[in-house]
Amino acid sequence: MKFHLRASFRLSADASKAEAAISVFFSNAKNIVQKGAPEGHGAKIIEWKLTGNRIDLIIDSDRYVRAHDALLRLRRPLAELLGNNYKIGIRGLDINEFQIEVESHRDIGHKIPYVRNIRYEDGFLKLELDVGENGSLGQSEIEKRIPDRIVNLLEEKLQTYGGKSEHWELLWESSPKESNYNKDPTNEMIKRNWIKHGASRGQWIYGPQATQLFRTFEKIVLEEIIKPLSYLEMIFPKLDTWDVWKKSGHAKGVYPEIYFVCPPKTRDPAFWEEVMDYYKVTHEVPQELIKEKIDVPIGGMCYAQCPTFWGFIQGATLPNDDLPIKVFDRSGTSHRYESGGIHGIERVDEFHRIEIVWLGTREQTLEEAEKLKERYKYIFETILKLHWRIAWVTPWFMAQEGETGLAKMEGAGTVDYEALLPYNGNWIEFQNLSVNGEKYPKGFSVKTQLGEPLWSGCSGVGLERWASAFLAQNGLDPENWPEAFRKYFGNMPKGIRTL
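First, a word on scope: everything that follows refers to the structure included in this document. (Residues numbered from 1 in each chain as written. Predicted model: local features only at pLDDT ≥ 70, side-chain atom pairs only at ≥ 80, totals over all residues. Heavy atoms only, no water.)

**Remarks on the sheet that holds strand 12 (residues 260-261)**
Across the sheet, 3 strands lie side by side as 11-13-12; this open sheet has antiparallel pairing. The open sheet has two free edges, formed respectively by strand 11 (239-241) and strand 12, since each of these has just one partner strand. Direction of pairing for strand 12 relative to strand 13 (residues 299-301): antiparallel, over a ladder of 2 bridges. Bridging across to strand 13, Phe-260 finds its partner in Gly-300. (Pairing = 2+ DSSP bridges. Helix = DSSP H or I, 4+ residues; strand = E, 2+ residues; numbered from the N terminus.)

And the structure:
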């Protein structure tokens, strides 16, 4: 990896009288720009030149002390030299040219922020960053380490090119269950008028029968998990702003899967009059005209339920006596744009979940995760009587950042619960449980009273997925359902008939 940087220090006054001292400074600057690098590595000042109130520099480097870091390292001692001895300050930095070379076995067709041009040559990707008077990379971006993020992004793209399989490791599988049912439950629910397609893609309208099935799953979760483990109900917002997703980590990769939320530019009826008039005349909604009148997205519809919870305790210090904190939310729908992968009720854009969240010390968080696993096992084995299995998978917070394998924090990670679909022989993920380590508490600046690291976990109960797994193995006729489940369900509602 190579870096080539042309930059300037802007001074508060003409520094001609300090030229000799500046010359000595740069002659001895090796210790500054190569500190911490292996012998023979680091940054090198190729050239410097004083012109009135500017010092122009050319810096070349390798990965050990990158050129922009060397520039920042030089700023403070140079400012002390000029300030203490000549009453001259450093007003700022100008980036005049910045080139980066990264070893690669191939070209890359991606557009990268702050990169003006990128080409593949002699086993290197050569990047020309967008600098200069009209460029976007300046002092602020250098101080924010934007070049490092560009390199990290590039290496991630090179590493994940062509797709990289995520980790999956079978932990446990139940004994096979006898089942004479082999039909797609979604198709059967449609035939029986339990469900109908909604107006939007990946959306269903659930009739009384399907709704009672969902409510039964909720009742089981409440009676078998929430009450015994003493969880408290909350209502989490269902609109996630960018600020929430930045802190939760979702902002790194959520964009292809979210429904964006855009507010109107104004609520003034006069501003919208032409839209309303167009509809009155044509009975068509002028979508292109509306697009001109809505503002930029402020975020998106709920993608994963738990991030908005953290705003309740953001920046807080929690008393250790109150840990672990255990809450859940079941107040609304979640939304994900599933592209071409929507199928039946198990893969939809609008879905219903119960989100379980807990946080405490590392030991408390891991202990609570085990308690939840025991309760799930009881439900799936004794009440729903499913053929199911558990797998250790790549945690969401690693998969979303382009990483695979197991979690970096010992004890953290995700388990998926999968059920067999007899009608096609596939397994469906119908439940998950994640121990997220310190990720959320650190992201939202939440601490414990005694300063111990705070951990958290979350587990989503997807009602559509539970229904798909249960009905695929047990069918739609209550007489074929497990007795323990029928007791929770009660009598089948009559439903709505049409002629």
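The discussion continues.
**Structural notes on the packing of aromatic side chains**
Where two aromatic rings form a pair, the distance of their centres and the angle of their planes describe that pair. Enumeration over the complete set of coordinates arrives at 30 aromatic pairs. Between Phe-25 and Phe-26, the aromatic rings sit 5.2 Å apart at their centres with planes inclined by 75 degrees, giving edge-to-face as the arrangement. Measuring from ring centre to ring centre gives 5.8 Å for Trp-388 and Tyr-417, while their planes differ by 20 degrees; the resulting arrangement is stacked. With Trp-388 in strand 18 (residues 388-393) and Tyr-417 in strand 19 (residues 413-421), the pair connects residues that are 29 residues apart, well separated along the chain. The residues Trp-388 and Tyr-417 share a single accessibility class, namely buried. Ring pairs connect the aromatic residues Trp-172, Phe-217, Tyr-376, Phe-380, Trp-388, Tyr-417, Phe-430, Trp-466, Phe-470, Trp-481, Phe-485 and Phe-489, which therefore count as one cluster. The ring of Tyr-337 carries the charged tip of Arg-201 above its face, separated from the ring centre by 4.3 Å. One Lys or Arg, Arg-389, reaches over the ring of Trp-427 and ends 4.0 Å from the middle of that ring. (Phe/Tyr/Trp six-rings, centres within 6.5 Å; stacked < 30°, edge-to-face > 60°. Buried < 20%, exposed > 50% of the residue type's maximum accessible area, 1.4 Å probe, protein only. Lys NZ or Arg CZ within 6 Å of the ring centre and 35° of its normal.)

**Focus: the pairing of strand 18**
The element strand 18 is largely enclosed, with a buried count of 6 among its 6 residues. Where strand 7 (residues 168-173) meets strand 18, 5 bridges bridge the pair, whose relative direction is antiparallel. Residue pairing in the sheet places Trp-172 in a bridge with Ile-390 of strand 18. Relative to strand 19, strand 18 runs antiparallel, the two sharing 6 bridges.

**Side note on the sheet that holds strand 2 (residues 43-51)**
Taken in spatial order, the 6 strands make up an open sheet running 2-3-1-4-6-5, and their pairing is antiparallel. Edge positions in the sheet fall to strand 2 and strand 5 (115-121), since each has one partner strand and no second. On average, each strand axis in the sheet is inclined to that of its neighbour by 15 degrees, with strand direction left out of account. In this structure, strand 2 lies alongside strand 3 (residues 54-61), joined through 8 bridges in antiparallel fashion. If you follow Ala-43 over to strand 3, its bridge partner there is Ser-61. Sitting on the sheet, helix 1 (residues 19-27) touches strand 2 and strand 3, and the angle it makes with strand 2 is about 175 degrees. (Axes fitted to C-alpha atoms, helices over the stretch in contact; angles between N-to-C directions. Contact = heavy atoms within 4.5 Å.)

**Quick notes on the environment of Gln-99**
Relative to the elements of secondary structure, Gln-99 occurs in strand 4 (residues 90-103). The class for Gln-99 is partly exposed, based on a relative accessible area of 34%. Placed 228 residues apart in sequence, Gln-99 and Val-327 show a C-alpha to C-alpha distance of 50 Å. Discounting residues that sit within four places of it in the chain, Gln-99 has contacts with Lys-2, Phe-3, His-4 and Leu-127. A polar contact is formed between the side chain of Gln-99 and the side chain of Glu-97, at a distance of 2.8 Å. (Polar contact = N/O pair within 3.5 Å; in protein donor to acceptor, adjacent residues only side chain to side chain.)

**Overview of the side chain of Glu-418**
The residue Glu-418 is located in strand 19 in this model. Given the relative accessible area of 10%, Glu-418 is considered buried. A distance of 3.1 Å separates the side chain of Glu-418 from the side chain of Trp-168, its partner in a polar contact. At a separation of 2.7 Å, a polar atom in the side chain of Glu-418 contacts the side chain of Arg-389. The contact partners of Glu-418, leaving out residues within four places of it in the chain, are Trp-168, His-387, Trp-388, Arg-389, Trp-427, Ile-428, Glu-429 and Phe-430.

**Re the pattern of salt bridges**
Two side chains that carry opposite charge are able to pair once their charged atoms sit near each other. In total, this model carries 31 salt bridges according to the counting rule given. Lys-177 serves as the salt-bridge partner of Glu-381, at 3.5 Å between the closest nitrogen and oxygen. Here Lys-177 lies in the loop between strand 7 and helix 6 (185-191) and Glu-381 lies in helix 11 (residues 362-383), a separation of 204 residues in the sequence. The residue Glu-233 makes a salt bridge to Arg-330 at a minimum N-O spacing of 2.9 Å. (Salt bridge = Lys/Arg side-chain N within 4 Å of Asp/Glu carboxyl O.)

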